[in-house]
Amino acid sequence: MQVDVKILDPRVKEKMPAYATAGSAGLDLRAMLDEPLTLAPGETKLIKTGLAIHLADPGYAALILPRSGLGHKHGIVLGNLVGLIDSDYQGELMVSTWNRGKDSFTIEPMERIAQLVIVPVVQMQMNIVEDFQASDRGAGGFGSTGKS
Ligand SMILES: O=c1ccn([C@H]2C[C@H](O)[C@@H](COP(=O)(O)OP(=O)(O)OP(=O)(O)O)O2)c(=O)[nH]1
Ligand SMILES: [Mg+2]
């Protein structure tokens, strides 16, 4: 799918986000920092990516997700847990970077800090009803089907 992209930081041009393998779902986003940024345990900083995208079609959205290595090994995840990029958003993609770990972590300029995934979206039209047609599950949830 073709998406309009604006490059807001010339450094992006040298290292354009790319799918690492043919089957990759995510494009890695880089930290457009001027100097290394140390995040103390518990600290959150909004980091620029130097990129803007305009999906334009409400049938799509983009998600910003953590990278598994950074998240699992170093506790570097997202302050908003998941970033949701609306199809009509035209501003710079920003990564809320949260150190949920116990140690300080330093992010280097241009380091790949998160990944962007395009997903299909369905907007719902609300059909208001008094009762739902019965389903097997009904209102059961939160472990109602047991463990094994
Ligand atoms: O990690 C993120 C999350 C959001 N955004 C941008 C794109 C998104 O379309 C816009 C609004 O995001 P969201 O709707 O999640 O935030 P909000 O707090 O509801 O702000 P708004 O009132 O602007 O919708 O902010 C980012 O750049 N990075
Ligand atoms: Mg919103």
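So, how was this worked out
Residues numbered from 1 in each chain as written. Chains lettered and ligands numbered in written order. Predicted model: local features only at pLDDT ≥ 70, side-chain atom pairs only at ≥ 80, totals over all residues. Heavy atoms only, no water. UniProt positions renumbered as here; feature names shortened; annotations may be inferred. Helix = DSSP H or I, 4+ residues; strand = E, 2+ residues; numbered from the N terminus. Patch = residues over 30% accessible without salt bridge, like charges linked within 9 Å, V, L, I, M, F, W, Y side chains within 5 Å. Areas by Shrake-Rupley, 256 points an atom, 1.4 Å probe, with all protein chains shown as cover. Salt bridge = Lys/Arg side-chain N within 4 Å of Asp/Glu carboxyl O. Contact = heavy atoms within 4.5 Å. Pairing = 2+ DSSP bridges. Axes fitted to C-alpha atoms, helices over the stretch in contact; angles between N-to-C directions. Buried < 20%, exposed > 50% of the residue type's maximum accessible area, 1.4 Å probe, protein only.

Under the present numbering, the feature "domain: dUTPase-like" (unreviewed entry) in UniProt falls on residues 15-146. Annotation note: span residues 15-146, helix share 5%, strand share 39%, distance between end C-alpha atoms 48 Å.

In this section: a nonpolar patch on the surface. A contiguous nonpolar surface patch, about 230 Å² in accessible area, is contributed by Val 5, Ile 7 and Met 16. Structurally, the position occupied by Val 5 is in strand β1 (residues 4-7).

What follows concerns the pattern of salt bridges. In the structure shown here, the tally under the stated rule is 5 salt bridges. Of the charged contacts, one joins Asp 34 and Arg 11 as a salt bridge, the two residues approaching to 3.6 Å between their closest N and O atoms. Of this pair, Asp 34 sits in the loop between β2 (27-30) and β3 (37-39) while Arg 11 sits in helix α1 (residues 11-14), and the two are 23 residues apart along the sequence. Between Asp 28 and Arg 112 there is a salt bridge; the shortest N-O distance is 2.8 Å.

This part takes up the environment of His 74. On the secondary structure map, His 74 appears in helix α2 (residues 68-74). Measuring from C-alpha to C-alpha, the distance between His 74 and Arg 100 comes to 8.4 Å, with 26 residues separating the pair along the chain. When residues no more than four places from it in sequence are discounted, the contact partners of His 74 are Gly 69, Asn 99 and Phe 105.

Looking now at the sheet that holds strand β8 (residues 92-99). Taken together, the 4 strands give an open sheet; going across it, the order is β1-β4-β8-β6, and neighbouring strands pair in antiparallel fashion. Of all strands in the sheet, those with a lone pairing partner are β1 and β6 (76-78), marking the two edges. Taken pair by pair, the neighbouring strands of this sheet meet at an average axis angle of 45 degrees, ignoring direction. Here β1 runs beside strand β4 (residues 44-54); their pairing, made up of 4 bridges, is antiparallel. Bridging across to β4, Ile 7 finds its partner in Leu 51.

Next up on the list: the UniProt feature "binding site: substrate" (unreviewed entry) in the protein. Residues given the UniProt feature "binding site: substrate" (unreviewed entry) here are Arg 67, Ser 68, Gly 69, Asn 80, Leu 84, Ile 85 and Asp 86. Spanning 20 residues, the named residues do not form one spatial group; their C-alpha atoms are separated by as much as 26.4 Å. For Gly 69, the position within the fold is in helix α2. Look at Gly 69 and you get partly exposed, because its relative accessible area is 29%. One can find Asp 86 in the loop between β7 (83-85) and β8. According to the relative accessible area criterion, Asp 86 is partly exposed, its value standing at 44%.

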